[in-house]
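An overview of the molecular structure
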Amino acid sequence: LIDQKLGFTLLPQLATVGWKPSEKQRLRRFKGEPPAREISLVFHNSFIKEGLINALQSEIKACLPSSFRSGNPVQIVDWVRRPQNHHA
């Protein structure tokens with residue numbers, strides 16, 4: 001349907017890595033701030049294998065194309081801890 005100009009679809013930018021220039025000509029970018037994805041590493045605060053988390057983070061970043069690793073603003077969200085409800 002796309003090739004016949006009868007429809008469209010949303011693709012993450014990573015899905016287009018490796019496309020030929022002729023294929024990329026059909027892409028349209030969002031106007032303004034583009035949508036983004038978040039990758040989170042969530043672990044309990046008692047997890048003591050900090051080196052493992054750091055290695056995993058480095059591997060994830062290393063798998064991204066260089067255009068994703070430089071020049072892109074990064075917003076880090078610091079989650080607020082909520083007090084636990086203790087039932088008596």
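Summary of the structure given here. (Residues numbered from 1 in each chain as written. Predicted model: local features only at pLDDT ≥ 70, side-chain atom pairs only at ≥ 80, totals over all residues. Heavy atoms only, no water.)

**Brief notes about the overall build of the protein chain**
In terms of helices and strands, the protein chain carries three helices and zero strands. Mapped in sequence order, the helices and strands of the protein chain form the string α-α-α. Classification of the 88 residues of the protein chain by burial places 2% in the buried group. Approximately 9,300 Å² of the protein chain is accessible, and the part contributed by carbon and sulfur atoms is 56%. (Helix = DSSP H or I, 4+ residues; strand = E, 2+ residues; numbered from the N terminus. Buried < 20%, exposed > 50% of the residue type's maximum accessible area, 1.4 Å probe, protein only. Areas by Shrake-Rupley, 256 points an atom, 1.4 Å probe, with all protein chains shown as cover.)

**Focus on a nonpolar patch on the surface**
A contiguous nonpolar patch, built from L41, F43, F47, L52 and L56 and spanning about 440 Å² of accessible area, is present on the exposed surface. Following the sequence through the fold, L41 ends up in the loop between α1 (21-24) and α2 (50-63). (Patch = residues over 30% accessible without salt bridge, like charges linked within 9 Å, V, L, I, M, F, W, Y side chains within 5 Å. Salt bridge = Lys/Arg side-chain N within 4 Å of Asp/Glu carboxyl O.)

**Examining the side chain of T16**
Mapped onto the elements of the fold, T16 is located in the segment before α1. When residues no more than four places from it in sequence are discounted, the contact partners of T16 are L11, K24 and L27. (Contact = heavy atoms within 4.5 Å.)

By themselves, these are just geometric observations and shouldn't be taken as functional.
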